[in-house]
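Report on the structure
What follows is the residue order along each chain.
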Amino acid sequence: MRLSRSFLPTLKETPAEAQIASHRLMLRAGLVRQTASGIYAWLPAGLRVLRNIERIVREEQNRIGAQEVLMPTLQSADLWKRSGRYDAYGPEMLRIRDRHERDLLYGPTNEEMITDLFGQSVKSYRELPQMLYHVQWKFRDEVRPRFGVMRGREFLMKDAYSFDADYEGAVNSYRRMMLAYLRTFQRLGVRAVPMVADTGPIGGDLSHEFLILAPTGESGVFYDAALEEQDWLAQPVDTQSTESLKGFFDNVTSWYAATDEKHDASAWEDVPQERRREGRGIEVGHIFYFGTKYTQAMDISVTGQDGAQVYPEMGSYGIGVSRLTGAIIEASHDENGIIWPAEVAPFRAVIINLKPGDALCDALCDALYEVAPDDLLYDDRSDRAGAKFADADLMGHPLQLIVGPKGAVSGVVEVKCRATGARYEMTPDEAIALITRG
Ligand code: P5A
C-alpha cells in the first residue's frame, strides 16, 4: 500500500480521553476511531491486525477439529427465556423490539443459540462429539466501557461450543481447547498464562482464564515462570488420545497460576522464589465446562447407547479477538509506539523513501515494493525524514527499509528492526530476500 494514497490517519497529539498506552497508540497509529461510547470503527491498518488475529485463531480451532459456523448478532428473547437467562442476564444485555413488538437482543454470547441449532439436527450419541465455533460481534452494555477496544460494548469474540456424550468426552474437549488456546496465543507472539477461574454468568464446574501479563491489566496475577517457558507448539500431544490429553493438562495445571481472586498464599510459598512471577494481567480468553446446564434447561437430548435419552455435556470457549489487539500492544510497545509481533503486524515492513522524486531512490523503492505490494507499506510521501521515521516507529512495522540518495547510488538499503532497534546495511537483493516470505 502506498502511504500517500492510503487512509492511515496518524495523530501527533496524544488523545486526552485515552488512559492507557494501547488505547492511546491505537488512536495515534490510526487503527480505530470511537463512533459511540465503547463502540469502534476499524480503519485499514487496525482491520489488518484484527484479520491476522482471526486467521491464527481460526487455524488453531480448525487444527483441533472445530468447525466454523456463523450465527447472527441478533437473537430472539424466546431462546433466552428457555434457558432462564433472559431475566438473569441483567442490564448488560441490550434488548431490542422489532416493528411487530417482538423482543430481540443483541447477543452477548451464544450458548442458547448453538444449543438450539444442535438440538434441531443431532439426535443420536453416534453423531457426537461436535465442536462448533464462530467469530462474531457481541454486545455487552458494560457500565464502564474503558481502555478502548479492551473493554468495549461491541467487541469481536471467537466463541466455540462442544457437545459430548459423557463426562470423559467433555473433559477431552476442554483439554483439546486449552491446547488450542496455548498454541494460538504463542503464535500471536504473546504469553498468555492459564489460571483457574470463576464461571460467573456462563456457569459450570471447571473454568480457566488466559491472561497476558501487563501492568494495566484488570486482575492481579501470581504464577510460576515455568508456564511462560513452555513451547506449546513443539509439545507432542495426540489430541485423539485421552491419555495424551490428560498428560498435557496435568502438566499445565501442575504449575502454580492464579488471579488475586483465587490466590492461595501457602501454595505460592511452594514455588521456588526465582520462578515466582507477580503482576497484573489482561484476560484474553476464558474457557468453561458446564456439563448439561443448557441442554437440560432447554430440554435438548440425544438417544444414548442403551436407547435412553441423554443430555449432551457441553463446554464453551471464548477468545477476545478485538481485545487482543489492545492487549498485544499493551504487552509490546515502547515510548515511540507499537512493536508488532511479526504474525499480526498490519504490514511486513515499511519502505521509507527519503527522497521521492529522485530517480534512483524511486527505482530502488519500487523494486522493493513490487516484491509484495499487498503486504508492504510504501512511505512515498514527500514529508521530512524525521516525520516518516516517527510514523514508522509509531505504527510498529517489524522492519523499516530505508532508502536514501546515497544508498540508492551505491546499492545499499538500511534496515531497522523495530523490536531491537538494530540497524543493518544490505544489498537490495538481501533486502528482498528478507521481505519475501513463505
Ligand atoms: C465463552 C465463549 C463467554 O462469553 N461464552 C462463549 C463464554 N466468556 S467470557 O469470558 O465472558 O468472554 C470471552 C472473552 O471475550 C472477551 N471480552 C471482551 N472483550 C472486549 N470487551 C468486552 N467488554 C469483553 N467482554 C469479554 C474477553 O477476552 C473474554 O475472555
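Note: the structure precedes this text.
Computed from a predicted model, the values in this text were never measured in an experiment. Throughout, residues of each chain are indexed from 1 in the direction in which the sequence is written. Restriction of local features to residues with pLDDT of at least 70 applies here, the model being predicted, together with a cutoff of 80 or more for giving and counting side-chain atom pairs; totals for whole chains, interfaces and linings are based on all residues. Note that water and hydrogens are dropped before the side-chain values are worked out from all heavy atoms of the structure.

Some thoughts on the overall build of the protein
Secondary structure follows DSSP: runs of H or I at least 4 residues long count as helices, runs of E at least 2 residues long count as strands, and numbering of each begins at the N terminus. The secondary structure content of the protein amounts to 15 helices and 23 strands. For a compact globule the rule gives 2.2 Å times the number of residues to the power 0.38, and the radius of gyration it is set against comes from C-alpha atoms. Rg of the C-alpha trace for the protein: 24 Å, near the compact-globule value of 22 Å for 438 residues, within the 12% margin. Projecting the C-alpha coordinates of the protein onto the three principal axes gives extents of approximately 80 × 60 × 40 Å. Evaluated residue by residue, the protein yields a buried proportion of 55% over its 438 residues. Contacts spanning at least 24 positions in sequence make up 71% of the contacts within the protein whose residues lie at least 6 apart. Note on areas: Shrake-Rupley, 1.4 Å probe, and residue coverage restricted to the protein chains presented here. For the protein, the exposed area adds up to about 19,100 Å²; of that, 49% sits on carbon and sulfur atoms. In this tally, Lys and Arg are treated as positive and Asp and Glu as negative; His is ignored, and so are the chain termini. To locate a charge, take NZ of a lysine, CZ of an arginine, CG of an aspartate or CD of a glutamate. Each charge class in the protein was averaged separately, 50 positive and 64 negative side chains, and the resulting centres sit 4 Å apart. Accessibility here uses a 1.4 Å probe with only protein chains present; expressed as a share of the type maximum, an area under 20% marks a residue as buried, one over 50% as exposed, and anything in between as partly exposed. Only heavy atoms matter for contacts: two residues are in contact if any of them lie within 4.5 Å across the pair.

Some remarks on the pairing of strand β9 (residues 192-196)
Taking burial as the measure, the five residues of β9 include four buried ones, the bulk of the element. One bridge is not enough; two strands pair if DSSP finds at least two bridges between them. In this sheet, strand β10 (residues 206-213) lies alongside β9 in antiparallel orientation, the contact comprising five bridges. If you follow V196 over to β10, its bridge partner there is H208.

Re the pairing of strand β2 (residues 39-42)
Of the strand pairs in this sheet, strand β1 (residues 32-36) and β2 are connected by four bridges, and their pairing is antiparallel. Bridge assignment links Q34 to a residue of β2, and that residue is Y40.

Here's the deal with empty space enclosed by the protein
Throughout, the protein atoms alone are placed on a 1 Å grid, and a set of points is a cavity if a 1.4 Å probe fits but cannot get out or a pocket if it is open with protein on both sides within 12 Å along at least five of seven lines; lining residues have an atom within 4 Å of a point. Grid points are joined across faces, edges and corners, and a volume is the space filled by probe spheres set on the points. Scanning all chains against the criterion turns up two cavities of 30 Å³ or more. Computed from the structure, the largest cavity encloses a volume of approximately 60 Å³. Considering the residues around the largest cavity, the lining is formed by I39, Y40, W42, W137, V149, E154, F155 and S322. At the level of secondary structure, the elements contributing two or more residues to the lining of the largest cavity comprise β2 and β8 (154-164). For the lining of the largest cavity, the element with the highest residue contribution is β2, accounting for three residues. When its residues are assigned to classes, the lining of the largest cavity shows six nonpolar, one polar and one charged. Size it by volume and the second largest cavity reaches roughly 30 Å³. Throughout this entry, Asp, Glu, Lys and Arg are counted as charged residues, while Ala, Val, Leu, Ile, Met, Phe, Trp, Tyr, Cys and Pro are counted as nonpolar. The remaining residues, Gly among them, count as polar.

Looking at the layout of surface pockets
Roughly 1,000 Å³ of volume is contained in the largest pocket. Lining of the largest pocket is provided by 45 residues; of these, R140, R151, E283, H286 and R323 occupy positions nearest its centre. In terms of residue count, the dominant contributor to the lining of the largest pocket is strand β13 (residues 276-291) (seven residues). Taken together, the residues of the lining of the largest pocket sort by class into 17 nonpolar, 15 polar and 13 charged.

What to know about helix α11 (residues 321-331)
Counted residue by residue, α11 has 10 buried out of 11 residues, so it is predominantly covered. Residues V321, S322, R323, L324, T325, G326, A327, I328, I329 and E330 constitute the buried set of α11.

Here's the deal with the site of the ligand
With respect to spatial proximity, 23 residues lie near the ligand, and among them T109, E111, R140, G152 and E283 are the closest. N or O atoms closer than or at 3.5 Å make up a polar contact, with two conditions inside protein: a donor-capable atom paired with an acceptor-capable one, and, for residues adjacent in sequence, both atoms drawn from side chains. With respect to the ligand, the backbone of V284 contributes an N or O atom lying 3.4 Å from an oxygen atom. The contact in question runs from an oxygen atom of the ligand to an N or O atom on the backbone of G320, over 3.4 Å. When the ligand is considered free in solution it has 600 Å² of accessible area, and contact with the protein chains removes 95% of it. A cavity or pocket is said to hold a molecule if more than half of that molecule's atoms lie within 2 Å of its grid points. Assessed atom by atom at 2 Å from the grid points, the ligand resides in the largest pocket. For the shell around the ligand, the leading source of residues is β13, giving five residues. Taken together, the residues of the shell around the ligand sort by class into nine nonpolar, seven polar and seven charged. The nearness test applies per residue and asks whether one of its heavy atoms lies within 4 Å of the molecule or strand.

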